[in-house]
Structures are given as structure tokens and as C-alpha cells.
Amino acid sequence: MKLIEDIKEAEEKAENLKKDAEKKGRSMIEQEREKGEKQLVSLSETRENLMEKKIAEAKKEADKKIKKLEQEYNKILVEIKDKYKKKKGKSIKEVQNIILKWPLSQ
């Protein structure tokens, strides 16, 4: 009889150990899942920060290039306006000279 009681007691202990092991296993899985989710969120935030940095750097570079192009454009525009003024004055004088030299204009 004692042997049967010992076997039953051992089976109950084994069943309790099995239940505890399942609970601990589920708990460990849940903890690891939470850790993984936290790491994923952290990686996502890191990625977003890096993207923001890269976008800011690219914007700075683009702004520098745009500013440089605008300066070149303005410089060329000033040169064109100066040449136009000089040529306009010469052209008017030449047309006036042609008109004065034309026989019917006298």
C-alpha cells in the first residue's frame, strides 16, 4: 500500500512539476516576446532617427547647391543686362548714324 501511495504522490508531484514547467515556459516565452518587441521598437526609432539625419544632411547639401546655382544665375543675369545696355546704346547710335547718312533724310 505504501508503494501505491508513493507512486500516486510521485505522479502528483510530476503533474505539478509539469504544470509549473508549462507556466514558467509560457512566462519565459512572453518575456522574450516583450524583449523582442522592445528591441524592434528601439530599432525602428533608431532607423527613423538615422533617416531624419540623412534627410537633413541631404537638404543642407541641396540648399548649398541651390544657393550656388542662384548666385551663378544672378551673376550671369547681371552680365547679360550690362551687355544689353552697352549693345543697346551702340545700336541706337548706329541706327541714328545710318539715318543721318541716308540721302533722303537730309
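Quick notes on the rules
Here the residue index of a chain counts from 1 through its sequence in written order. Reporting of local features is limited, given that this is a predicted model, to residues whose pLDDT is at least 70; pairs of side-chain atoms are given and counted only at 80 or more, and all residues count toward the totals for whole chains, interfaces and linings. To obtain the side-chain values, all non-hydrogen atoms of the structure were included, while hydrogens and water were left out. Helix and strand definitions follow DSSP, with helices as H or I runs of at least four residues and strands as E runs of at least two, each counted in order from the N terminus. Put simply, the radius of gyration uses C-alpha atoms, and a globule should come to 2.2 Å times the residue count raised to 0.38. Every accessible area reported is derived by Shrake-Rupley at a probe size of 1.4 Å, with residue values counting cover from the shown protein chains alone. Lys and Arg are tallied as positive, Asp and Glu as negative. Neither His nor the chain termini are counted. Charge positions are represented by NZ for Lys, CZ for Arg, CG for Asp and CD for Glu. Note on exposure labels: buried denotes an accessible area under 20% of the residue type's maximum, exposed denotes more than 50%, and partly exposed covers the range between, all computed with a 1.4 Å probe on protein chains only.

Quick look at the overall build of the protein
Helix and strand counts for the protein stand at one helix and zero strands. Computed over the C-alpha atoms, the radius of gyration of the protein is 45 Å, more than 25% above the 13 Å expected from 2.2 N^0.38 for a compact globule of 106 residues. Over its C-alpha atoms, taken along the principal directions, the protein stretches across nearly 150 × 20 × 10 Å. Carbon together with sulfur atoms contributes 59% to the accessible area of the protein, which is approximately 10900 Å² in total. Of note, the protein has its 30 positive side-chain charges centred 19 Å away from the centre of its 23 negative side-chain charges.

What to know about the environment of Pro103
With respect to the helices, strands and loops of the structure, Pro103 is situated in the segment after α1 (2-101). Among the residues examined, Pro103 registers a relative accessible area of 62% and is labelled exposed. Sequence separation between Pro103 and Tyr84 is 19 residues, and the spatial gap between their C-alpha atoms is 30 Å.

In short, shape yes, function no, at least from these values alone.
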